[in-house]
Amino acid sequence: MRILVTGGAGYVGSHVVKELLETDHQVITIDNLQKGHREAVLGGEFYDCDLADYQGLKQIFSRHDIEAVIHLAADSLVGESVEDPHKYYQNNLTSGLNLLEVMLEFSVKKLVFSSTAAVYGDPQNIPIKESDPGEPTNPYGRSKLFYEKILADYHRAYELKYVSLRYFNAAGADSSGQIGEDHDPETHLIPLVLQTALGRRQKLEIYGTDYETRDGTCIRDYIHITDLARAHVLAVEALKQAKESRIYNLGSGEGYSVREVIETARKVTGREIPAVPAERRAGDPPVLIASSEKIMDELGWERRFDDLETIIATAWKWHENNPGGY
C-alpha cells in the first residue's frame with residue numbers, strides 16, 4: 001500500500017516508517033521537523049510540511065496515489081498542554097481537521113490514529129480496557145479524545161474507516177541501533193534514566209515516593225517501540241481488508257515502578273544512576289496498566305520484546321552510541 005505517515009520523523013513515527021518499509025509498503029512521510037529528526041526517516045519520500053498548511057497537504061496528495069494515512073503528528077506534553085491549551089487544540093484538532101478534509105477531497109478513507117492512555121485520566125479499573133470511560137484530566141488527553149470522537153462522526157457521515165491506537169508508555173529503540181528516542185525537552189522516564197547513566201544529568205528526580213504502590217512510586221506499563229510500530233502495520237492492513245473501525249489499547253499488561261525501572265537500568269548499564277525523591281507531579285495516577293487483549297484477539301498482535309530489561313537494553317544501545325541524540 002501507499003501510506004502517508006504524518007509526524008514520521010518523530011520517535012514513534014520513525015519506527016513506524018521503518019516497519020512499513022520492511023513489510024514492503026510504499027511510504028510518504030511528512031513532518032514539520034519542530035520535534036522530529038530528518039535523519040530518523042530511513043526511506044521513502046519525505047516532505048517538510050505542517051498539517052496547518054492546507055495547500056501543501058493538497059499538493060502532496062495530488063502527487064501520490066495515497067491509499068491510507070497513519071496520523072502521528074501532534075503536540076504531546078501534558079504539562080505544556082495545561083499551560084498552553086490553545087496550542088494543543090490548534091495543532092491536534094484544527095490541523096488534524098485539515099488532514100481529514102484533504103483526505104476526503106482525495107477519497108482516502110483509511111486512517112490509523114495515534115491516540116494515548118491519557119484519554120482515560122485517573123482510571124477506575126486496572127488493567128484498563130477500551131470500554132472504560134474516557135475522562136482525561138488535561139488538554140492533551142482531551143484533544144486526543146475529541147479527535148477520536150471526530151473520527152467516529154466522520155465514520156458515520158463519510159464512511160471514513162479508522163483504527164485508534166491508545167498508547168501506554170512507548171520505550172526502547174530499534175534493535176539495529178539506527179534510530180531511537182531523542183526529545184527536547186525530554187520527559188520520558190527511561191531516556192531520563194539513561195541520560196543520567198551517561199552523565200548528561202547529575203541526578204534523576206523521582207516524582208512521588210509515597211503512593212499506595214508496592215514501593216511508593218508510580219507504576220507504568222512499558223511497551224517496546226518496535227512492538228508498537230508493528231501494531232500500526234497490522235492496523236492499516238486490517239483497514240485494507242475492510243475491517244470495521246476500532247479502538248485498541250497498546251501496552252504490555254504489566255506494570256513496573258519508577259524504582260524498578262531505575263534498578264533495571266543500573267543492571268543493564270552497570271552505572272550508578274543517582275536518584276533522589278521529589279514532590280509528586282499534579283495529575284500523576286499511581287498505576288496505569290493496559291489490557292491489550294482486544295488487539296491480540298482481533299488483529300493477532302503480540303509482543304516480541306516482553307521484558308523490561310530487554311526494552312532498556314535496546315534503548316541503552318542507542319543512547320550510548322548517540323549520547324547527544326541525532
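Look up a bit, the structure's there.
What counts, and where the lines are drawn
Residues numbered from 1 in each chain as written. Predicted model: local features only at pLDDT ≥ 70, side-chain atom pairs only at ≥ 80, totals over all residues. Heavy atoms only, no water. Helix = DSSP H or I, 4+ residues; strand = E, 2+ residues; numbered from the N terminus. Expected span 1.5 Å × (residues − 1). Buried < 20%, exposed > 50% of the residue type's maximum accessible area, 1.4 Å probe, protein only. Core = buried A, V, L, I, M, F, W, Y, C linked by side-chain atoms within 4.5 Å. Contact = heavy atoms within 4.5 Å. Phe/Tyr/Trp six-rings, centres within 6.5 Å; stacked < 30°, edge-to-face > 60°. Lys NZ or Arg CZ within 6 Å of the ring centre and 35° of its normal.

### Quick look at helix α7 (residues 225-240)
Along its 16 residues, α7 runs 23 Å from first to last C-alpha, staying within 8% of the 22 Å computed at 1.5 Å per residue. The element α7 is extensively covered by neighbouring structure, given that 13 of its 16 residues are classed as buried. Directly beyond the C-terminal end of α7, a positive phi value near 70° is found at A242.

### Looking at the nonpolar core
Counting residues in hydrophobic clusters, the biggest one holds 35 residues, and the most contacted among them are L20 and L250. Sorting the residues of this core by element identifies β1 (2-6), α1 (11-22), β4 (68-71), β6 (161-167), α7, β11 (246-250) and α9 (293-299) as the ones contributing at least two each. For this core, the leading source of residues is α7, giving 9 residues. What L250 contacts, discounting residues up to four positions off in sequence, is L165, R166, Y167, F168, I223, L228, A231, S292, I295 and W301. Judged by nonpolar contacts, the second largest core, of 26 residues, contains L4, V102, V108 and A152.

### Some thoughts on the packing of aromatic side chains
Applying the stated rule across the entire model yields 7 aromatic pairs. Summarising the aromatic geometry, the rings of W318 and Y326 are spaced 5.1 Å apart at their centres and angled 55° between planes, so their arrangement reads as tilted. The exposure class of W318 is buried, given its relative accessible area of 1%. You can call Y326 partly exposed: its relative accessible area is 27%. The ring of Y211 carries R280 above its face, with NZ or CZ at 3.9 Å from the centroid.

Just distances and angles here, no functional claims.
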